[in-house]
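Overview (structure and organization)
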Amino acid sequence: MTDATPKLAATAARRTRSFCLPRIFRNASLLIGATITATILLLAIFAPLVATHDLMQMDMPNRFSGPSSEHILGTDNFGRDLWSRLVHGARISLSIAVIAVLASAVIGTIVGLISGYFGGWVDLLLMRITDVFLGFPPLVLVLAVVAVMGPGLVNVAVSLIIVSWTEYARVVRSTTLSLREQNYVQAARALGASWPRILFREILPNSLGPIIVLASLGLGTAIIWESALSFLGFGLPPPAPTWGWSLSYGTRFIRDEPWMSIISGAAIMITVLGFNLLGDGLRDILDPRQQTRGKG
Amino acid sequence: MTDYVIRRLLLFVPMAIGIVIVTFCLLLLIPGDPAAVLLGQDATPEGIATLREALGLNDPWYIRLGSYFANLLRGDMGYSIFQSAPVSDIILGRLGATIELAVVALLISIVFGVTLGVLAANRQGGIVDAIAMLIAQIGISMPVYWLALLLMLGFAVHLGWLPAIGREEPLISALGMALTGNVQPLLDSLAHIALPAVSLALNSAAIISRLVRTSMLEVLREDFVRTAKAKGVRRGTVIWRHALRNALLPVVSVIGLRFGALLGGAILTETIFAWPGLGQLTISAISQRDLPLIQGIVLTFALIYASVTLLVDLLYAAVDPRIRLR
C-alpha cells in the first residue's frame, strides 16, 4: 500500500501536469503576474549589479532631476539615484515579505491541520484563538506590535506574521476537515500510520494548492503593510532605502517635486499587482473550488 | 433564527475577552522593562521604581490582568502618560471623526463596487467586463497612502477643487444645519471628506466589485432569471431588480470584514489628510510610546470591529431566509 500510494500520486500528478500546461498559457493573469514578479525578484537578487550608482552617493546640484541617461529614474532630495535605491528597496521589501509569508504559512498550516484533524475541544480552542486575532483590524494590530517592540527588520516581520497566520489556519482547517474523511486517509489510519505521518504525508500534500495561492496573495499584502509601516516611520530606519520611506519623505516636497513619491509608490503598486495577478492565476489552476466561476 | 441569534451573541463574549487579553499581552511584548522604556535613556533607578509601582508592574501578571479587566468594566482604560487625561476621554473625543470617515468610505465602496460588479457581470467577457476587472485589479493592488497622495496632488494641489487637509463641522451636525436652511457647512464638510473617503474606499470598492461580479454571474444562471426573461421583463429590470437583490447576500457578509480594513486604512488616510480621528491619535501615541493610550486605541478599534461584525452577522440572518426561517 505504501508503495502504491506514491505511484498513484505520480500518475495523478502527470495527468494534471499535462492538463495544466496549455491552461497556463490561456491564463493571462498568471503569465503577466509571473513575469512581473520574476523580474522584480531578479532585480532584488542582483541589486548590487543592477544598481547604477552607490546608494548613498549624493549629488546635491542634481537633486530632484527627472529621468536622464545618467539617472534612469531621476534622483531624490539628496540627489541620490532613485533607480539604485528602488532596486535595493526591493530587496528589503521582498525579504521581509518572504520571511513573514513563509513563517505565517508554516504556523497557520500546522494550526489548521491539527484543528481540522483532531476536532473536538482542540479545534474549538484553536479556532477561538484564531477568531480573536482576526478580531483586530489587521493594520491596527501590525502597528501596535511594532509600536511596542520597536522598528527593525525582525520586528516588522514578526508583526506581519501575527496578523497573517490566521488565514492559513482557517483555510487549511477546512481542507483538512474534508480530506480527513477521504478513503486514502482512512486507509492510512487503518494501517496504523501515526497522526503526524497522516497530517504531513497524506493531508498536507493535498492542501498545498490553496496554501500556495494564499501565499502568493499574501506576499502582495505583506509588501503593502511593510511599506505602510515605513511610510509611517515605523519600518526600517533610514538610511535603509525602503520604498515606504522614499514615498513618505517625498511628500515633503510634493507640491513642487512630486516625482520621488510617485515613482516609489509606483514600485510598490507594480510589485503588489504582480503578486496579486500571480495569485489569481494560480488559483485558477491549483484551487478549482475557489475559482471565479464563469470565467471562460 | 432565535437559536442563531443567541448563539452568535454568546460567541461575542469569549471573543471580547480574548481581545482584551491580547491587548493586555501587548505590554508583555516590550523588550526589557516597560517603565525603563517609557522613561527613556536618562531615567533614574528611583524614577523607574516609582513608575513601576504606579503602573502596577510589581504585581504578578494575573493580578494585573484582573485589575485591567475590572477597570475596563468600569469604563476606565487608564491614564495617558503624555496627555495627562483619561484614555477613554481622549479616545471618545476622536472616535466620531474616524467612524464618520469609515462609514462614508464604506458607502462609497458599496455604491462603486456594486455598480462596477453589475456592469462587468452584465457584459461578461466583453470590453466593459475587461476594463472593470482591470480597474478592480489595480484598485486591489494600490496602496491607500499612494492613492491618497495622487488624489491630493491632482485635486487639491493642481486643480485646487478640493481642500487638501483638515475636517470641518461633523457631517451629522452639518446635515442638521442644512435642514434648517444653512447649506454651506454641509458643502464644506463634504468637500473636506471627499478625498480621504474616496482614497480609503477604492480598495474595498475593488474587492466588492469582484465579489458582486462573481455572485451576479451565478445568479444570472438561475431558473428564476430565465423565467423573468422569458416572460419578457426588460433586461435592465431583470439585472437590477431581480438578480442584484439575490447577488447582494454575499456582499452583506463581507461588509464587516471591509469595515475592519477601512478602520485600519483610516490610520493612513487620516495621517495624510490631517483628519483629526483615532488614526492620527494612533500615530502620535506610538511615536510617544504612550502605552496606555496605545492599548486603549487598539482595544477600541478591535471592539468596534467586533461589534460591526456581530451586527452584520445578525443583519445577514435577518435578510437570508435560509437562516431566518430555520
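Everything numeric in this text was worked out from a predicted model, so none of it was measured. (Residues numbered from 1 in each chain as written. Chains lettered and ligands numbered in written order. Predicted model: local features only at pLDDT ≥ 70, side-chain atom pairs only at ≥ 80, totals over all residues.)

1. Observations regarding the overall build of chain A
Where we set the bar: In this text, helices come from DSSP runs of H or I with a minimum length of four residues, and strands from runs of E with a minimum of two, each type numbered from the N-terminal end. Neighbour density around each residue's C-beta defines its exposure: 20 or more other C-beta atoms within 10 Å make it buried, 12 or fewer make it exposed, and counts between make it partly exposed, where C-beta atoms are placed from the backbone.
A count of helices and strands for chain A gives 11 helices and 0 strands. The linear arrangement of helices and strands in chain A, starting from the amino end, is α-α-α-α-α-α-α-α-α-α-α. Going through the 296 residues of chain A one by one, you find that 47% of them count as buried.

2. Comments concerning the overall build of chain B
In plain terms, the rule: Each residue is represented by a C-beta atom placed from its backbone, and any two residues with such atoms within 7 Å are regarded as in contact.
A count of helical and extended segments in chain B gives 15 helices and 0 strands. Principal-axis analysis of the C-alpha atoms gives chain B an extent of 85 × 55 × 40 Å. A fraction of 71% describes how many contacts in chain B between residues 6 or more apart in sequence connect residues 24 or more apart.

3. Examining the environment of Gly126 of chain B
All names here are of chain B. You can see Gly126 is positioned in the loop between helix H5 (87-122) and helix H6 (127-141). Classification of Gly126 by C-beta neighbours within 10 Å gives exposed; the count is 12. Sequence-wise, Gly126 and Ala201 are 75 residues apart; in three dimensions their C-alpha atoms are separated by 26 Å.

4. Thoughts on the interface of chain A and chain B
Quick note on the threshold: Nonpolar residues are Ala, Val, Leu, Ile, Met, Phe, Trp, Tyr, Cys and Pro. Charged residues are Asp, Glu, Lys and Arg, and all others, Gly as well, are polar.
Each partner contributes residues to the interface: chain A has 38 residues there, and chain B has 41 residues. By residue number, the principal contributor to the side of chain A that touches chain B is helix H6 (residues 138-149) of chain A, which donates 9 residues. Looking at side-chain class alone, the side of chain A that touches chain B contains 25 nonpolar, 9 polar and 4 charged residues.

5. Looking at the UniProt feature "domain: ABC transmembrane type-1" (unreviewed entry) in chain B
How we decide: UniProt positions are given in the numbering used here, feature names are shortened, and annotations may be inferred rather than shown by experiment.
Sites flagged by UniProt as "domain: ABC transmembrane type-1" (unreviewed entry) map to residues 95-316 of chain B. End C-alpha to end C-alpha, residues 95-316 of chain B measures 26 Å, and it is 84% helix and 0% strand.

6. Examining the nonpolar core
Put simply, the rule reads: Residues enter a nonpolar core if they are buried, belong to Ala, Val, Leu, Ile, Met, Phe, Trp, Tyr or Cys, and are joined to the set through C-beta atoms within 7 Å. The source of the domain bounds is an automatic or database domain assignment.
Membership of the largest hydrophobic core comes to 160 residues, with the highest contact counts inside it found for Val142 and Leu143 of chain A together with Leu101 and Tyr145 of chain B. With 17 residues, helix H9 (residues 195-232) of chain A is the single largest residue contributor to this core. Two domains each donate at least three residues to this core, and these are domain 1 (19-88) and domain 2 (95-323) of chain B. Leu143 of chain A has contacts with Phe234 of chain A together with Ile267, Thr282 and Ile286 of chain B, leaving out every residue within four places of it along the chain.

7. Structural notes on the UniProt feature "transmembrane region" (unreviewed entry) in chain B
Residues and elements named next belong to chain B. When the UniProt feature table is mapped onto this chain, "transmembrane region" (unreviewed entry) is found at residues 9-30, 101-122, 134-161, 190-212, 247-273 and 293-319. Each end of residues 134-161 is marked by a C-alpha atom, and these two atoms are 28 Å apart; helix forms 82% of the span and strand 0%. Helix makes up 100% of residues 293-319 and strand makes up 0%, while its end C-alpha atoms are separated by 39 Å.

8. Some points on helix H9 (residues 184-220) of chain B
Residue and element names in this part refer to chain B. Heads up, the rule is: Here the expected span of a helix is defined as 1.5 Å times the quantity of residues minus one. To get the bend at a residue, fit one axis to the 7 residues ending there and another to the 7 starting there, then take the angle between the axes.
Between its first and last C-alpha, H9 extends only 45 Å over 37 residues, short of the 54 Å set by a 1.5 Å rise per residue. Helix geometry: H9 is bent most strongly at Ala194, by close to 40°, with proline Pro196 lying one to four residues after it. Within H9, 27 of the 37 residues are buried, which leaves it mostly tucked inside the rest of the structure.

9. Quick look at the UniProt feature "domain: ABC transmembrane type-1" (unreviewed entry) in chain A
Sites flagged by UniProt as "domain: ABC transmembrane type-1" (unreviewed entry) map to residues 90-279 of chain A. The span residues 90-279 of chain A shows a helical share of 83% and a strand share of 0%, and its end C-alpha atoms are spaced 19 Å apart.

10. Quick word on the UniProt feature "transmembrane region" (unreviewed entry) in chain A
All names here are of chain A. Sites flagged by UniProt as "transmembrane region" (unreviewed entry) map to residues 28-51, 94-119, 139-163, 211-236 and 259-279. A helix fraction of 92% and a strand fraction of 0% characterise residues 28-51, whose end C-alpha atoms lie 30 Å from each other. Between the C-alpha atoms that bound residues 259-279 the distance is 30 Å, and the span itself is 100% helix and 0% strand.

11. Notes on the domain arrangement of chain B
All names here are of chain B. What the domain assignment reports for chain B is domain 1 (19-88) and domain 2 (95-323). Distance from the C-alpha centre of domain 1 to the C-alpha centre of domain 2: 36 Å. Listed per partner, the contact involves 16 residues of domain 1 and 13 residues of domain 2. Elements represented by at least two residues in the side of domain 1 that touches domain 2 include exactly helix H1 (2-26), helix H2 (34-39) and H5. A total of 4 residues in the side of domain 1 that touches domain 2 trace back to one element, the largest contributor, which is H1. Partitioning the side of domain 1 that touches domain 2 into residue classes produces 12 nonpolar, 4 polar and no charged.

12. Digging into the packing of helix H4 (residues 82-118) of chain A against H9 of chain A
Residue and element names in this part refer to chain A. Where we set the bar: Between the N-to-C directions of two axes lies an angle of 0 to 180 degrees, each axis being a line fitted to C-alpha atoms and, for a helix, fitted only over the stretch in contact. When the near helix sits turned anticlockwise from the far one by under a right angle, the crossing is termed left-handed; a clockwise turn instead gives a right-handed crossing.
Direction vectors running N to C along H4 and H9 enclose 145°, while the axes themselves pass 7 Å from each other. The handedness of the crossing between H4 and H9 is right-handed. In this structure, H4 contributes Ser93, Ile96, Ala97, Ala100, Val101, Ser104, Ala105, Thr109, Leu113 and Tyr117 to the contact, and H9 contributes Trp195, Leu199, Ile203, Leu204, Ile211, Ala215, Gly218, Leu219, Ala222, Ile223, Glu226 and Ser227. For the contact of H4 with H9, the class distribution of residues is 16 nonpolar, 5 polar and 1 charged.

13. Things to note about the confidence of the model for chain B
Where we set the bar: Each residue gets a pLDDT score, which is the predictor's confidence in that residue and runs from 0 to 100.
Per-residue pLDDT for chain B has a mean of 83; in total, 96% of the residues score no lower than 70. Both confidence scores are given for the complex: pTM 0.84, ipTM 0.83.

14. A look at unusual backbone geometry
For residues other than glycine, phi is negative in most cases, and the peptide bonds are mostly trans. In the Ramachandran plot, Ala274 of chain B falls in the positive-phi region, its phi being about 50° despite a non-glycine side chain. Among the secondary structure elements, Ala274 of chain B is positioned in the loop between helix H12 (249-273) and helix H13 (278-288).

15. Notes on the packing of H6 of chain A against H9 of chain A
Residue and element names in this part refer to chain A. In plain terms, the rule: To sort the angles, those under 35 degrees are grouped as roughly parallel, those over 145 as roughly antiparallel, those from 65 to 115 as roughly perpendicular, and the leftovers as oblique.
Here H6 crosses H9 at 50°, and the two axes come no closer than 11 Å. As far as their axial angle goes, H9 and H6 are oblique. The handedness of the crossing between H6 and H9 is right-handed. Side by side, H6 and H9 meet where Leu139, Val142 and Val146 of the first sit next to Trp225, Ala228 and Leu229 of the second. Here the contact of H6 with H9 is composed, by residue class, of 6 nonpolar, no polar and no charged.

16. What about H13 of chain B?
Quick reminder: α-helices carry 3.6 residues per turn. Residues three or four places apart thus point the same way. For H13 of chain B, every residue scored as buried is listed here: Leu278, Gly279, Gln280, Leu281, Thr282, Ala285 and Ile286 of chain B. On its buried face, H13 of chain B is in contact with H6 of chain A together with H5, H12 and helix H14 (291-319) of chain B.

17. Section: the confidence of the model for chain A
Residues and elements named next belong to chain A. Confidence in the prediction of chain A, expressed as mean pLDDT, is 80, and 82% of residues score 70 or more. In this model, residues 1-6 is a region of pLDDT below 50 whose contacts with residues beyond four sequence positions or in other chains number 2 contacts. This model gives residues 8-21 a pLDDT under 50, and the stretch forms 1 contact once residues within four places in sequence are excluded.

18. Details of the environment of Leu134 of chain A
By secondary structure assignment, the location of Leu134 of chain A is in helix H5 (residues 120-134). Residues Leu134 of chain A and Trp165 of chain A, spaced 31 residues apart in sequence, show a C-alpha to C-alpha distance of 9.7 Å.

19. Observations regarding the environment of Ile193 of chain B
Residue and element names in this part refer to chain B. Position of Ile193 among the secondary structure elements: in helix H9. Separated by 93 residues in sequence, Ile193 and Glu100 have C-alpha atoms that sit 9.0 Å apart. Those residues within four positions of Ile193 in sequence are excluded, and the remaining contacts are Leu101, Val104 and Leu171.

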